[in-house]
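What follows is the residue order along each chain.
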Amino acid sequence: MPKHLTPAQFKQHVHRALQSLGTRPQPVPALEGLLLYAQLSAQPGRNGRHSAPSLEGFLRRSLREFRHEQPAQASLLVRRFLEHETTKEIAHQLSISVETVNRNQQRALQRFADWLLAQEAALRQQRQAELLASLPPASFGELLGVRAEQARLGQLLRRGQAPWVIALTGIGGIGKTALAQAALRALVAELAYAQVLWLTATPDQPLAPARLLETLSRRLLPLALPASERPAALLQTLKARPHLIVLDNLDEEVRDPAWVDWLQALAGPSRFLLCSRQHPAALARAYVVPLKDLSLNASRALLQARAEEVGLEALGPALRKQTSAIYARTGGNPLALKLTVGLLHSWPLPDVLAALHERQHADVDALYTMIYQASWQALSEPARRVLLAMPLVGNEAASLGQLRALSGLPAAALRNAVQELHLRSLLEASGDANLRRYSIHQLAHTFLRQHILPAAFASE
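Fair warning: this is a prediction, and the values are worked out from it, not measured in the lab.

A.B. asks: I'm lost on the overall build of the protein in this one. Help?
C.D. replies: Regarding its fold elements, the protein presents 21 helices and 8 strands. The C-alpha radius of gyration computed for the protein amounts to 28 Å, which surpasses the reference 23 Å derived for 460 residues by more than 25%, pointing to a less compact arrangement than a globule. Seen along its three principal axes, the alpha-carbon backbone of the protein occupies a region of about 95 × 50 × 45 Å. Counting the 460 residues in the protein, one finds 46% classified as buried. Here the analysis covers contacts within the protein between residues at least 6 apart in sequence; of these, 70% occur between residues at least 24 apart. Summing over all exposed atoms, the protein offers an accessible surface of approximately 22800 Å²; the carbon and sulfur share of this is 52%. Between the averaged position of the 50 positive side-chain charges in the protein and that of its 37 negative side-chain charges there is a distance of 5 Å.

A.B. asks: In this structure, what is going on with the packing of aromatic side chains? I would like to understand it.
C.D. replies: The description of an aromatic ring pair rests on the distance of the ring centres and on the angle between the ring planes. As enumerated under the stated definition, the model contains 6 aromatic pairs in all. Ring geometry for Tyr37 versus Phe58: centroids 5.2 Å apart, planes at 55°, classification tilted. Within this pair, whereas Tyr37 is found in helix α3 (residues 35–41), its partner Phe58 is found in helix α4 (residues 55–69), the two being separated by 21 residues in sequence. Note on Phe66 and Trp115: the rings are 5.7 Å apart at their centroids and 55° apart in plane angle, and the pair reads as tilted. Taken together, the residues Phe66 in helix α4 and Trp115 in helix α7 (residues 98–133) connect sequence positions 49 residues apart. Joined through ring pairs, the aromatic side chains of Phe66, Phe112 and Trp115 make up one cluster. Note that Arg80 overlies the ring of Phe81, its terminal NZ or CZ placed 5.4 Å from the centroid.

A.B. asks: Is there a simple way to think about the environment of Arg124 in this case?
C.D. replies: Its place among the elements puts Arg124 in helix α7. Residues Arg124 and Leu191, spaced 67 residues apart in sequence, show a C-alpha to C-alpha distance of 7.8 Å. In this structure Arg124 touches Leu35, Ala189, Glu190 and Leu191, once residues within four positions along its chain are discounted.

A.B. asks: Explain the side chain of Ser425 to me, please; I cannot follow it from the model alone.
C.D. replies: Residue position: Ser425 is located in the loop between α20 (411–423) and β7 (428–431). Every residue in contact with Ser425, bar those within four places of it in the chain, is listed here: Arg306, Lys338 and Leu339.

A.B. asks: In this structure, what is going on with the sheet that holds strand β5 (residues 287–290)? I would like to understand it.
C.D. replies: Within a sheet, each strand pairs with its neighbour through backbone hydrogen bonds, oriented either parallel or antiparallel. Spatial ordering of the open sheet is given by β2-β3-β4-β1-β5, a layout of 5 strands whose pairing is parallel. Across the chains shown, the open sheet's two edge strands, defined by having one partner strand only, are β2 (195–200) and β5. Sheet twist, expressed as the average angle between the axes of neighbouring strands with direction ignored, equals 15°. Two elements, strand β1 (residues 165–169) and β5, share 4 bridges in a ladder whose sense is parallel.

A.B. asks: Would you mind going over the packing of helix α6 (residues 87–94) against α7 with me for this structure?
C.D. replies: Helix-helix packing is characterised by the crossing angle of the two axes and by the distance between the axes. In the contact formed by α6 and α7, the axes pass within 8 Å of each other and the chain directions differ by 110°. Judged by the angle between their axes, α6 and α7 are roughly perpendicular. Between α6, through Thr87, Lys88, Ile90 and Ala91, and α7, the contact on the second element is made entirely by Val98, Val101, Asn102 and Gln105. Its residues placed into classes, the contact of α6 with α7 shows 4 nonpolar, 3 polar and 1 charged.

A.B. asks: What is the right way to read the packing of helix α15 (residues 334–343) against helix α17 (residues 364–378) from this model?
C.D. replies: Contact pair α15 / α17: the axes reach a minimum separation of 10 Å and the direction vectors enclose 25°. Between α15 and α17, the interaxial angle falls into the category roughly parallel. α17 is crossed by α15, and the crossing has left-handed handedness. Contact residues: Leu335, Ala336, Leu339, Thr340 and Leu343 in α15; Leu367, Tyr368, Ile371, Tyr372, Ala374 and Ser375 in α17. The class makeup of the residues in the contact of α15 with α17 is 9 nonpolar, 2 polar and no charged.

A.B. asks: Looking at this structure, how should I read the side chain of Ser217?
C.D. replies: On the secondary structure map, Ser217 appears in helix α10 (residues 209–220). Other than its neighbours up to four places away in sequence, Ser217 contacts Arg230 and Leu234.

A.B. asks: Please explain the environment of Leu337 as it appears in this structure.
C.D. replies: Tracing the backbone through its elements, the reader meets Leu337 in helix α15. With a relative accessible area of 0%, Leu337 lands in the buried category. For the pair Leu337 and Tyr327, spaced 10 residues apart in the sequence, the C-alpha separation amounts to 8.1 Å.

A.B. asks: Could you clarify how one ought to interpret α15 in this entry?
C.D. replies: Because an α-helix packs 3.6 residues into every turn, residues spaced three or four apart end up facing the same way. The buried count for α15 comes to 9 of 10 residues, which makes it a mostly enclosed element. The set of residues buried in α15 consists of Pro334, Leu335, Ala336, Leu337, Leu339, Thr340, Val341, Gly342 and Leu343. Among the residues of α15, the N-terminal cap falls to Asn333, whose side-chain oxygen and the backbone nitrogen of Leu335 are separated by 3.2 Å.

A.B. asks: Please explain the pairing of β1 as it appears in this structure.
C.D. replies: On a regular strand, one side chain projects to one face of the sheet and the next to the other, so that they alternate. In terms of burial, β1 is a largely internal element, 5 of the 5 residues being buried. For β1 and strand β4 (residues 271–276), the ladder comprises 5 bridges, and the chain directions are parallel. Note on β4: the bridge partner recorded for Leu168 is Cys275.

A.B. asks: How should unusual backbone geometry be read in this particular structure?
C.D. replies: Leaving glycine out, the prevailing phi sign among residues is negative, and the prevailing peptide bond configuration is trans. Looking along the chain, the bond that leaves Ala162 and enters Pro163 is cis, with omega of 15°. With respect to the element layout, Pro163 can be found in the loop between α8 (147–158) and β1. Within the chain, His84 stands out as a residue other than glycine whose phi angle is a positive 60°. Taking relative accessible area as the criterion, His84 reaches 47% and is therefore assigned partly exposed.

Thresholds applied
Residues numbered from 1 in each chain as written. Predicted model: local features only at pLDDT ≥ 70, side-chain atom pairs only at ≥ 80, totals over all residues. Heavy atoms only, no water. Helix = DSSP H or I, 4+ residues; strand = E, 2+ residues; numbered from the N terminus. Rg over C-alpha atoms; globule rule 2.2 N^0.38 Å. Buried < 20%, exposed > 50% of the residue type's maximum accessible area, 1.4 Å probe, protein only. Contact = heavy atoms within 4.5 Å. Areas by Shrake-Rupley, 256 points an atom, 1.4 Å probe, with all protein chains shown as cover. Lys, Arg positive; Asp, Glu negative; His and termini not counted. Charge placed at Lys NZ, Arg CZ, Asp CG, Glu CD. Phe/Tyr/Trp six-rings, centres within 6.5 Å; stacked < 30°, edge-to-face > 60°. Lys NZ or Arg CZ within 6 Å of the ring centre and 35° of its normal. Pairing = 2+ DSSP bridges. Axes fitted to C-alpha atoms, helices over the stretch in contact; angles between N-to-C directions. Parallel < 35°, antiparallel > 145°, perpendicular 65-115°, else oblique. Nonpolar A, V, L, I, M, F, W, Y, C, P; charged D, E, K, R; others polar. Left-handed = near helix turned anticlockwise from the far one by under 90°. Polar contact = N/O pair within 3.5 Å; in protein donor to acceptor, adjacent residues only side chain to side chain.

Keep in mind these numbers describe shape, not what the thing actually does.
If you want it as structure tokens, here you go:
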């Protein structure tokens, strides 16, 4: 129910809408703003297209559905407002008083209004679940040190006006994907967008316009729609209702102003959120939200939280004492900090600090290569087999059953390997108590492709 209306007021709006049937209906925002209105008012047509929503279509279909649950109440409303019988005519036919017909009508209106609200609540709950399911599995805990950025991004995503293309930028491992996921999950309950799509680019499959058009058309348009009609239909869909489309792991795409301009043409009221290590070109029309390294205090909090999460609470005092040294070597990068804690399962802290030699501020890739290489050397053979299987998973998270099939490990060995990788922050776990799924960071994908897989193939 609209937040500003009481149940009695909503009933009055329903009554007024029914009274308008057969005439030129006036807009009724209390009904036309419902998710149920969009679902029931449009009729399917040729090639899966839908007619424009109408108040009359919504009311007629709603009454047909309502009749399955309350046949007597629905019948009275149909006679009064669709067949336009008077209360006197109904009273005469049923041999009851006009006053009784009026009382029955008020009860029917109340039950119909209550039914509409119940259907709306169920539909909203279903839509929220669908939106959550469209997002990658959440693999993050509490986000530390980015409260201002998270609030800013949430404000931008809630705006009913420009900017329509937002670029979330920062170096690898800084937390762009996690921040975007957190912001989107906070938006789900508000249902500000008709749909949320999350697309991830890969080095061998960048999101060029042709591929992006094909993917969006497949997700948003009827399958029967001819290919020649898809560009116009996609534009109409994105312009008719707000959609939120996240394009993750972008690289050179954002450096092309023409690519960003193409997104701008599709946007409004739909919105694109771009997550990229690259800063958009100077002429690209994108609103930039930069992510920077964590502060020293936020880094200290993250180190402590991660140590407690993976069973290294005893190292808390030493980590607090050496936070400045770790910070000087990792630059306050969240992923690098977590990976550093993971090394402590095998190495003493002085050895970890020695390995994390003073880095050049621009040499972030070399820092990750060094940390991943050290982590790889410390892994057991079963854990290495699971990690080597992860690039075969692609952008989707894998279940334990899938990992067992890909790695060839027995169940017990697989569970131990997964636990080992998770403790070292090499494997990201998500899901719930009934189903856990596992994935790795894009930087881990890059490390495996560039430094481990070539050597593994060469040795065969």
